[in-house]
Structures are given as C-alpha cells and as structure tokens.
Amino acid sequence: MKIVVCIKQVPATGADKRYADDLRLDRAGVEAIINPLDEYAIEQALRLVDDGSVESVTYLSMGPEQASEALRRALAMGGDDAVLVTDPALAGADEWGTAKVLAAALDKLAPDVALMGMASDDARGSLVPGAVAAMRNLPLLSYGAELNVADGAARVRRLSATGYDWLSAPLPLVATVTDQVGEPRYASLKGIMAAKRKPMQTWSLSDIGLSADDLHGAALTRVTDTRAPEEKPPTERIENLPAAEAATKIADWLTTRKLI
Amino acid sequence: MSNDILFLAEFTGGSPARSALELATGAAELASQSGGSAVALAYGPGAADGAAALGAHGATRAIVLGDDDRPAIAYAAAVVSAARDGGLALLAPATPNGRDVAAVLVGTLDLPAFGPVRAARFSEGTIETEQATLQGSVITTSCPVDGAATPSVVLVLANTFTPNEGGSGSAEVSQAPAAEDLAFTQVTVAESHEADAKVVNLEEATIIVAGGRGVASEDGFGPLRELASALGGAVGASRAAADAGWIPYQLQIGQTGKVVKPSLYIGAGISGAIQHRVGMQTAEHVVAINKDPDAPIGEFADLFVVGDLFQIIPALTDEIRRRKGT
Ligand SMILES: Cc1cc2nc3c(=O)[nH]c(=O)nc-3n(C[C@H](O)[C@H](O)[C@H](O)COP(=O)(O)OP(=O)(O)OC[C@H]3O[C@@H](n4cnc5c(N)ncnc54)[C@H](O)[C@@H]3O)c2cc1C
Ligand SMILES: Nc1ncnc2c1ncn2[C@@H]1O[C@H](COP(=O)(O)O)[C@@H](O)[C@H]1O
C-alpha cells in the first residue's frame, strides 16, 4: 500500500503579502512554509505507516525550485522520498493548471491513495483534489476527520451538518483530510538528518508527458484588477461600564440596526 | 451553446438548503444579464417534489438529478452530463459538498473555476467575479482566459445573493440525462451518525452567538445559549472551544469549520485569530465581547465590548428579553 501526499509551499500565514504589477502574487521576501493544512495530511499518512496499513509515503509538490525546502521538511517528519514538479511554464498556475500537473505526476507515481490537505492557505478554493480525481477518473473521499485503508477500500469520517458519516470507496482514489486527524508531529533532529539522505527527484513538464501547449499558460482564469476593500466604518467601543449599562448600550446598538 | 446560468440546488431532509434559494436568485440575476434562463440542478432528499418551487426564487427550469441521500459527490456525474449540454456559468455553494461537485466538473470538462466569490456579473458576454484574498485585504476581479470552455464554475459564498421571496413562479421540471459512468458514483455512505448533542446547521443561521476559550467550560456555554435563544439564534464556537470538548465540532466556525454569514455574529471570549476570522468576517454585523482591550477581534468588529462575558452576556440577555417582552 502506497500513499502520495501532495503538499504545497505557501507564504507563512499572516505574512505581509501583495500582488505584483503583473497581477500575480508577489512571493519575494516572504517566509515560505508547508501549507498548514497539508501537515495534517502528512500526519495522517505517517499514522497509517505507524499502524502498519501503509508501506510507503512519497511527497509530491508542484512549485518553484524553493518548494524543495517544503519537501525536505516533510521528509524530516517521516516518509520515504519526494518529487518536485517544476517548470518555467507553470508560473501563475491556477487550480485547474495545478490539478492538470499533479494528475499527470500521479499517473506516473500510481499510488493507492493520493492524499491532500482540505485547502491551500493562499487560495482557499479546495478545488485541486476533486479536479485531480476527475482528471484521473478516480473516486474522491474528501474532508476526512480520519482516514483508514483496508481490504482494497478507503474510508473517511466526515462531519455532516448535524453529525458525521463514514464514506467509503474502492482504491485507488484521492482523499483529503482536515485538521481533526491529530496534531502534526514535529521533525526530530534525527529526522532532519535522515531527510538529507532521502531521495528527491525533480521533474519537468516533459517528464510527466505534458507540454506547455496542453496547459494554456497553466491557467483558465486570470486576474484583471485588484483593489482595496470597501472602507468599513470604524469599530465602536464600549468600555469601562458596569455590565447593566454596557448591556443597555449593546441592546440600543442592536435595536438601531433592527437586529432585535 | 446556450446563455443559461446553471446552479446546484441541494436538498436535505425534504427541503432545499438555503444556498439553493440564494443561488436561484443569483442565477436569475446573472441570466438576465447573459440573456438566458436560470436552471436548477436539483439533488438530494426532497428534490423531486421541491424543485418546481425554486421557480418562486428565480429558477426558470429545474433538472432533477436524484432524490436520495447518496453523498453529493455521487451526483457529480449527473451534473457533468447536464453541464455538457451548455450554459455560460454554473453556480455552486462554497460548502464542502458544493466544492466537491464543482471540482469534479472543473477536472472532467477542463473548465475555469472561480471562488469563493462575493460578487459575480456579466460584462460584455463574459463572467466577471470578485473575490476577497490575502486575508480580506485585497479584492480581486477575475475572468476566464480567452477561449476557455463553458460553463465557468463559480463557488459562491453564503448570503452573496438574497433570495427573492414570495415569487409565484414555478420552474419547469425535467429529469436528468443519463449520468455518465464516472468513478465518483462509487463513493457511498457506509455509516451515518447524528451528533450526541442536538446541533443546528450553522450555515443556515441568521444570528450566531459564538464562544471561545474565554467561555472556559462546557457549562460556560449556558449563558451563550440563553442569549442565542433570546435573540432567536444559534450557538457556534472557535476551534479552541471545540478542541476542549465543550461543544461539538459541527459548530466550529472558521477555516476548517463552517463558513457563516449571519446578519449578526456575537463573539464572546474569542480572540479573532485569522483562521476563525475567515469563517465569519462577512457577517453583516460583528459584535465582540472580550476582556482584553487589545484582542485582535477588536480591530475588525463593528462593536467591541471590553468586559467579562460572564457579566455582560446575562445582563444583555435580560435586557433583550425585557425589550421583546418575553
Ligand atoms: C490549520 C489551522 C486551522 C484552524 N482552523 C480554525 C477554525 O476553523 N476556527 C477557529 O476558531 N480556529 C481555528 N484555528 C485555531 C486558531 O488559530 C486559534 O487558535 C483559535 O481560533 C483560538 O480560539 P479562541 O479565540 O477561542 O482562543 P484564544 O485565542 O485563546 O482567545 C480567547 C480569548 O478569550 C478572552 N477571554 C478570556 N476570558 C474571558 C472572559 N471571561 N470574558 C471575555 N473574554 C475573555 C481572552 O482575552 C482571549 O482574547 C486553526 C488553526 C490552524 C493552525
Ligand atoms: N502546487 C501544489 N503542489 C502540491 N499539492 C498541491 C498544490 N496545490 C494544491 N495542492 C494540494 O491540494 C490541496 C487543496 O488545494 P486548493 O485546491 O488549492 O485549496 C492542498 O491542500 C494540497 O494538498
């Protein structure tokens, strides 16, 4: 049983980010991390190794050369090897373009489970995993609070509006997990040392059988404009008042806005 | 290629989700700009009987994809077939189910995807969407590249459109074309469980009283429940409160919880971390109660009350009950 975990390198949460003049995200000078939600996917995969239901874990990322740092960090947590798909033609890839590339790389790696985070921090589309599944015509088990694999099938526990379900589908498939799978482990010093010797390959587009022409400039969407959000009225504050008086003021505020 | 605007209309427990009504109205708005009709792709328990009534909210036609409670993703094959027949755009709710179906469409038919968007319109025959990015600090406008296939797939945030109420129209209902044989149909519900405590669907709530680590215990949510019931609203929580086991995870708001857009959100004992904020920042009115005058939530709340939630919330509940005469 083999798992490939797809991880994306993203700018650190809360870092100061901006759009460059060409309307692409300017990533220069911003600390880069593993997409926090992908760390949960890594943790889930490693737990399946720990309990003996999975033999090997490979990490896959599409991104610039620097994304190899994210792969190295993942390898320090555990797992066996890593693949970076990088190509000048991929700059500015949207979710469709990203999915196209990951799907082609996954065809080559042929895992039983391609495991992903539930969303990337910088896009919040949560579209890549389902698009990858569709491109490979495989089932998708998404938003798992827990994932297990046995007897040629995988199951995820997924919260519903008012409870939870166990969803099931036959392998091979694509799955995503949430932050409920358990806190990601830290890389130990030993892990960091070991990671340096783990194999990492770099693939270009032609290595996965794609050409820049297949990719329409890696995106089917384009940003045409950016602007600041509408100014919000400044925050009103209620401070240093006894509770009953504060309550009256809040109630007045709500009444003015027809909320009570 | 038709100028129609398709939308996903999810039904649960016999009735349409609020998103179905919102998207019916949104699709009708866009269809009037594109020169086509609003077409519902209705699925889930109650869809067969309820689809026609979407006409009251703006749908001209409704295609019933199925009426049972298989997982939303298993309906994706039918959505793909319907989308092959045409349409300029397809609106999907920015919920886990909506995203799953939207993603499958994007991957199967190589379609441009947008979202989650806070506004959409047609400009010179092309869809144009608005999205808040970089933690809400930038609004971007996007459109498909030249030559991109249709329909454009648009994930729509809750409450982007306000459902038209009281319309008398009835959508013309038809059955779905045969679903294609895609792998998604192999996803099944192996087991289904209700939560121990009774939980409401927060995505549908118009008033939410949310508690965080400051609520300090399971019992600490008592006063928040009282306030919610006085206001006619629901109780929600931060991840810290859900992680502590004080409240079920189904009520967590944020990046990995529910994305809510009520008319009123009251946060008590919540600091306003970015991951919480992305789940509630589009609420129409945000009130925060926090004893720390420098809590980050004070920077984006409309009304920031500095004080102890255990004193202020009961006093507020009394005051509201007094005013409502209940
Ligand atoms: C990948 C990832 C995903 C995440 N997803 C989510 C998510 O979906 N939703 C989410 O909420 N968080 C999420 N988080 C966690 C988030 O980063 C914060 O840790 C969390 O939101 C903090 O919850 P809190 O505000 O309740 O607690 P704290 O940050 O500890 O704040 C508690 C607040 O209560 C105030 N307080 C204490 N006592 C009182 C009192 N008596 N009266 C009034 N005020 C009082 C304090 O002043 C403080 O401001 C995620 C984190 C990660 C890494
Ligand atoms: N460039 C990428 N390289 C590897 N995995 C990715 C990449 N982009 C997205 N993913 C995976 O897809 C998931 C969802 O991303 P998104 O659809 O962008 O929200 C992420 O959590 C990753 O697991």
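This structure is a prediction, so every number in the text was calculated from the model and none was measured.

*Asks:* Whenever I open this one, the site of ligand 1 confuses me. Can you help?
*Replies:* Neighbouring ligand 1 are 28 residues; R213, S238, S271, Q275 and N290 of chain B lie closest to it. The environment around ligand 1 is built from residues contributed by chains A and B. Within the side chain of Q252 of chain B, a nitrogen or oxygen atom sits 2.8 Å from an oxygen atom of ligand 1. For ligand 1, an oxygen atom lies 3.1 Å from a polar atom in the backbone of Q255 of chain B. Burial of ligand 1 by the protein amounts to 82% of the accessible area it has alone, namely 1000 Å². Elements with a contribution of two residues or more to the shell around ligand 1: helix 1 (36-50) of chain A together with helix 6 (239-243), helix 7 (274-280) and helix 9 (309-324) of chain B. Residues of the shell around ligand 1, tallied by class, amount to eight nonpolar, 14 polar and six charged.

*Asks:* In this structure, what is going on with the nonpolar core? I would like to understand it.
*Replies:* Across soluble globular proteins, nonpolar side chains show a tendency to be buried alongside one another. The biggest cluster of nonpolar side chains holds 110 residues, and the ones touching the most others in it are Y59 and L60 of chain A. Tallying contributions element by element places helix 3 (residues 95-109) of chain A first for this core, with nine residues. Look past the residues within four positions of L60 of chain A in its chain and what remains in contact with it is V4, V5, C6, I7, L71, V83, V85, L102, A105, L106 and L109 of chain A. Of all hydrophobic cores here, the second largest spans 59 residues; its members include V215, A228, A241 and M280 of chain B.

*Asks:* Mind showing me how you'd approach the sheet that holds strand 7 (residues 119-123) of chain B here?
*Replies:* Picture the strands of a sheet paired through backbone hydrogen bonds; they go either parallel or antiparallel. As summarised here, the arrangement of the four strands in space is 15(A)-9(B)-8(B)-7(B), forming an open sheet in which the pairing is antiparallel. Strands at the two margins of the open sheet, each flanked by one partner only, are strand 15 (221-227) of chain A together with strand 7 of chain B. Recorded for the sheet is a direction-independent mean angle of 30 degrees between the axes of neighbouring strands. By the bridge criterion, six bridges tie strand 15 of chain A to strand 9 (residues 138-144) of chain B in an arrangement that is antiparallel. Across the sheet, T226 of chain A pairs through a bridge with T140 of chain B, a residue of strand 9 of chain B. Packed on one face of the sheet, helix 1 (residues 18-34) of chain B meets strand 7 and strand 8 (126-133) of chain B and runs near 15 degrees to strand 7 of chain B.

*Asks:* Help me out: how do you make sense of the site of ligand 2 in this one?
*Replies:* Residues and elements named next belong to chain A. Contacts to ligand 2 come from 20 residues, most closely from C6, D38, M62, S120 and V128. V128 places a main-chain nitrogen or oxygen 2.8 Å from an oxygen atom of ligand 2. Here ligand 2 has 480 Å² of accessible area as a free molecule, and 99% of this is covered by the chains. At the level of secondary structure, the elements contributing two or more residues to the shell around ligand 2 comprise strand 6 (56-62), helix 3, strand 8 (113-117) and helix 4 (128-135). By residue class, the composition of the shell around ligand 2 is 10 nonpolar, seven polar and three charged.

*Asks:* How should the sheet that holds strand 16 (residues 236-238) of chain A be read in this particular structure?
*Replies:* Ordered by their spatial adjacency, six strands build an open sheet running 16(A)-17(B)-16(B)-15(B)-13(B)-14(B), and the pairing between neighbours is parallel. Looking at strand neighbours, the two that pair on one side only are strand 16 of chain A together with strand 14 (234-237) of chain B, the edges of this open sheet. On average, adjacent strands in this sheet sit at an angle of 20 degrees to one another, irrespective of strand direction. Note that strand 15 (residues 264-268) of chain B and strand 16 (residues 285-290) of chain B share five bridges and pair parallel. Within strand 16 of chain B, the position partnered with I266 of chain B by the bridge is V287 of chain B. Against the sheet, helix 6 (residues 243-256) of chain A engages strand 16 of chain A together with strand 15, strand 16 and strand 17 (303-306) of chain B, with an angle of about 155 degrees to strand 16 of chain A.

*Asks:* I keep staring at the side chain of E43 of chain A and nothing clicks. Help me out?
*Replies:* Relative to the helices and strands, E43 of chain A is located in helix 1. Other than its neighbours up to four places away in sequence, E43 of chain A contacts G182, E183, P184 and R185 of chain A.

*Asks:* What exactly am I supposed to notice about helix 3 of chain A here?
*Replies:* Residue pairs spaced three or four apart in an α-helix point in one direction, given the helix's 3.6 residues per turn. Residue and element names in this part refer to chain A. Taking 1.5 Å of rise per residue, the 15 residues of helix 3 would be expected to cover 21 Å, and the 20 Å separating its terminal C-alpha atoms lies within 8% of that figure. Of all 15 residues in helix 3, 12 are buried, a share of seventy percent or more. Residues of helix 3 that are buried: E95, W96, G97, T98, A99, V101, L102, A103, A104, A105, L106 and L109. The distance from a side-chain oxygen at the start of helix 3 to the backbone nitrogen of W96 is 3.2 Å, and the residue carrying that oxygen is D94.

*Asks:* What is the right way to read helix 9 of chain B from this model?
*Replies:* The terminal C-alpha atoms of helix 9 of chain B, which comprises 16 residues, lie 22 Å apart, in line with the 22 Å expected from a rise of 1.5 Å per residue. Along helix 9 of chain B, the positions that sit buried rather than exposed are L309, I312, I313, A315, L316, T317, E319 and I320 of chain B. Buried residues along helix 9 of chain B sit in contact with helix 6 of chain A together with helix 5 (221-231), strand 15, strand 16 and strand 17 of chain B. In this structure D308 of chain B caps helix 9 of chain B, since a side-chain oxygen of it lies 2.9 Å from the backbone nitrogen of F310 of chain B. Immediately beyond the C-terminal end of helix 9 of chain B, within one or two residues, lies G325 of chain B, with a positive phi of roughly 70 degrees.

*Asks:* Even after reading the chapter, I still don't get the interface of chain A and chain B, so can you show me in this structure?
*Replies:* Between chain A and chain B, the residue contacts involve 78 residues of the former and 87 residues of the latter. Applying the counting rule to chain A against chain B returns nine salt bridges. The residue R158 of chain A makes a salt bridge to D100 of chain B at a minimum N-O spacing of 3.0 Å. On inspection of chain A and its partner chain B, the count reaches 36 residue pairs in polar contact (both at pLDDT 80 or more). Of all the elements, helix 6 of chain A adds the most residues to the side of chain A that touches chain B, at 10 residues. Across the side of chain A that touches chain B, the residue classes break down as 40 nonpolar, 18 polar and 20 charged.

What counts, and at which threshold
- Residues numbered from 1 in each chain as written.
- Chains lettered and ligands numbered in written order.
- Predicted model: local features only at pLDDT ≥ 70, side-chain atom pairs only at ≥ 80, totals over all residues.
- Heavy atoms only, no water.
- Near = heavy atom within 4 Å.
- Polar contact = N/O pair within 3.5 Å; in protein donor to acceptor, adjacent residues only side chain to side chain.
- Areas by Shrake-Rupley, 256 points an atom, 1.4 Å probe, with all protein chains shown as cover.
- Helix = DSSP H or I, 4+ residues; strand = E, 2+ residues; numbered from the N terminus.
- Nonpolar A, V, L, I, M, F, W, Y, C, P; charged D, E, K, R; others polar.
- Core = buried A, V, L, I, M, F, W, Y, C linked by side-chain atoms within 4.5 Å.
- Buried < 20%, exposed > 50% of the residue type's maximum accessible area, 1.4 Å probe, protein only.
- Contact = heavy atoms within 4.5 Å.
- Pairing = 2+ DSSP bridges.
- Axes fitted to C-alpha atoms, helices over the stretch in contact; angles between N-to-C directions.
- Expected span 1.5 Å × (residues − 1).
- Salt bridge = Lys/Arg side-chain N within 4 Å of Asp/Glu carboxyl O.

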